[in-house]
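As a plain string of letters, each chain reads:
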Amino acid sequence: MEFTIRDDRIYFTRAGETGVVSVPAEGCIRFQATASSQIELQDWTLLPRKTPAEIWRDGEDVYLRTGPLKVWFEKWGRVTYYINDRIILKEQPEMTFTTGYRNYRSVGSGLWAMRATFEPNEDEQFYGLGHERINVFSKKGCTIDLRHVNTKASIPYVYSSLGYGFLWNMPSTGTVELGFNRTRWNSDCAKTMDYVVIAGDPREACSKLADLTGHAPMIPGYAMGFWQCRLRYENQEQVLEVARRYRELGVPVSVIIIDYFHWTEQGDYKFDPACWPDPKGMADELHRMGIKLMVSMWPTINEHSENYHYMNDRNMLLRTASGSNRVFDFYGPQAEIDPTSPEARKYVWKKLKENYIDNGVDLLWFDEAEPEIHPEHFDNIIMYAGRGDECALIYPYYYSQLVYDGMKEMGRDDIITLSRAAYTGAQKFGTLVWSGDIQSTFESLTEQVKSGLNMSMCGLPWWNTDIGGFYGGYTHTDYFRELIVRWFQYGVFCPVMRLHGNREIAQRNRALKEPSGDGNEIWSFGEENLPILSDLIRLRYRLIPYITRHMKIASGQGTPVMRPMFFDFPEDKICYTTGDQYMFGDDILFAPITVQGQTEREVYLPEGEWILARDRSAYTGGHRVTITAQVNEFIAFVRKGAEVLDVF
């Protein structure tokens, strides 16, 4: 192996591999390599900056240090990473005689399937990788697919309990094996292996990740209130009736959302005048009530759309290497837009602005943002950015940029886009991720708590769920009426509080495509629940000054508002195994109840003095306590002396 030291970088070549090791930011080391004869350096969504590094040779090996982080690059190819001379990552050979570091297999035209393998650490825990429907807090022992599907957004980043972050800076599909026999990152297709090791405790690592991938803007003030949605409002009078009813009840609403199939055709991006004759008038009335309007958009499009031929002729749609360009069947075969194309982004935004924004719509909801394709043969997808298996994960990133760039051009700064998937860096475009079409069950609620905490470690601080779950909820049952209260309690202590769902109903209006389900407003879940849910919404509004303060911190420093216990107590080992409770900002510890019929639970209190918000009783931390909570009660502790206690 030959090393060349130049410009604070280590360049290396050996038989079958060439690459570079650099410092993209203080305390971070980036490794890039390829089996091609020349390396193609691409940042994707990374925002590296030139940073000095300390580099030296020792015999035939070479070392690089930045802050507490050091890498040792051995002459036969192995890399080992240290924090303050403590090993955190050490490559594991795949063959005898210390050989077989990093594996490449050609998949054609300078593209490679590749993997990097590291030795396991028995006491190490991993957090991150986005969200998905698994009841797992630490991902240690798991194999996770890197691909977006409904209810699963893959962010190829983990934070380790050993005090470092690891960003697999490649938007390709693949897998991550966080096993007891090895830690392995696999890419299905890429030109260059690219990863970044980030040194730091949870707070430091989140801050550096934000610096490397972009800071979220300050969330618009209204977005911290209550969002009302259902599947679906069929016409504008239904929307206005709901808004008026909330006003009569004296219950505040910040956003009302109009879901899919309000349009004339998939790909038209406009209201159907038969059901929405005066969208501007509707928006104006909502605005007079202090309510913002959001509408849903899908990436699907077919030849019946007025935009199809223009976009198809200009290669603004996803294409396939073989077979029809139809990638999703929903009321007929659908193609999908390609937001990785700059021209496609400009064209679609022009239509969205003309038909929605200019008619008073305030913000947009990007459903199907993975995008959803069937079958999931990403290697058959051709995008402007490259092959599907090379860059599929980046699709929702550019999808959000579509809105952000358009809004910025209008002079708007209050930008927020609800998206069913996201990729590293999408936070800088004002992306609010939600967890997709999850079930209306207590088991699903339990999963969401852990899922949201893992997403919070990935650099995207705006996240939420469908309160009540999306499907399978029968509003007249005792089961669902208990579930909706417990989910509302959880929703109060999420970054965004949004009610949504497809409530089951015996008969639907089949004269419409995708007719509405049963009611999904707070008066739809029984008379006994109406005052409970109303009070929870009012509590959310009293919490807005507290949330605002922490959203400013999230924007400036990368610190998520909702985060695992170990974020604030990194020296407490118990916090690394406690995924059923969390911190909401610096001062609130929330312990949701997610089991049917449960009216008490154990809560772990870290060191300090804690006040139970409900009755002001005081507790000393450092141990577990058992707390009761009837269905109309929740469990939240506040640090002693914190002002936020007064809002409860």
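Here the structure is shown first, and the text comes after it.
Note that the coordinates shown come from a computational prediction; the quantities given were computed from them, not determined experimentally. Every chain's residues receive numbers from 1 upward, in the order its sequence appears when written. Since the coordinates come from a predicted model, pLDDT governs what is reported: local features require at least 70, and pairs of side-chain atoms require 80 or more to be given and counted, while whole-chain, interface and lining totals use all residues. Note: side-chain values were computed over all heavy atoms of the structure, leaving out hydrogens and water.

Q: Hey, could you run me through empty space enclosed by the protein in this one?
A: The method is simple in principle: a probe with the dimensions of a water molecule rolls over the atoms, and the space it marks as empty is what remains. A 1.4 Å probe that fits but cannot get out identifies a cavity on a 1 Å grid over protein atoms alone, an open set with protein on both sides within 12 Å along at least five of seven lines counts as a pocket, and a residue lines either if it has an atom within 4 Å of a point. Grid points are joined across faces, edges and corners, and a volume is the space filled by probe spheres set on the points. Inspection of the entire model under this criterion finds six cavities of 30 Å³ or more. Counted as a void, the largest cavity has a volume near 110 Å³. Gln32, Glu40, Gln42, Trp44, Asn169, Met170, Pro171, Ala190, Lys191, Thr192, Asp194 and Glu390 together form the lining of the largest cavity. Class assignment for the residues of the lining of the largest cavity results in four nonpolar, four polar and four charged. Of the voids in this model, the second largest cavity is the one considered here, and its volume is about 50 Å³. Looking at the second largest cavity, the residues that line it are Leu318, Pro371, Ile373, Phe378, Ile381, Met383, Gly388, Ala392 and Tyr395. Considered class by class, the residues forming the lining of the second largest cavity number eight nonpolar, one polar and no charged. Note on residue classes: Ala, Val, Leu, Ile, Met, Phe, Trp, Tyr, Cys and Pro are nonpolar, Asp, Glu, Lys and Arg are charged, and everything else, Gly too, is polar.

Q: Got a minute to help me understand the pattern of salt bridges in this structure?
A: Two side chains carrying opposite charge are able to pair once their charged atoms lie near each other. Criterion for a salt bridge: a side-chain nitrogen of Lys or Arg within 4 Å of a carboxyl oxygen of Asp or Glu. In this structure the tally under the stated criterion is 43 salt bridges. Asp284 is the partner of Lys280 in a salt bridge, and the nearest nitrogen-oxygen pair spans 3.0 Å. With Lys280 and Asp284 both in helix H3 (residues 279-288), this residue pair falls four residues apart, about one helical turn. In this structure, Glu343 and Lys346 form a salt bridge, with 3.8 Å as the shortest nitrogen-oxygen distance. Here the residue Glu343 and the residue Lys346 both occupy positions in helix H5 (residues 342-355), the gap between them amounting to three residues, near one helical turn. Several salt bridges share partner residues, and in doing so they unite Asp367, Glu368, Glu370, Glu372, Arg420 and Asp437 into one network. Numbering goes from the N terminus for both helices and strands, where a helix is a DSSP run of H or I of at least four residues and a strand is a run of E of at least two.

Q: Would you mind showing me how to read the layout of surface pockets here?
A: The calculated volume of the largest pocket comes to roughly 460 Å³. Surrounding the largest pocket, 19 residues form its lining, Ser161, Leu162, Gly163, Pro570 and Tyr576 being those nearest its centre. The dominant element in the lining of the largest pocket, judged by the number of residues it contributes, is helix H1 (residues 202-213), at three residues. Tallied by class, residues from the lining of the largest pocket come to eight nonpolar, four polar and seven charged.

Any link to function would need more than the numbers given here.
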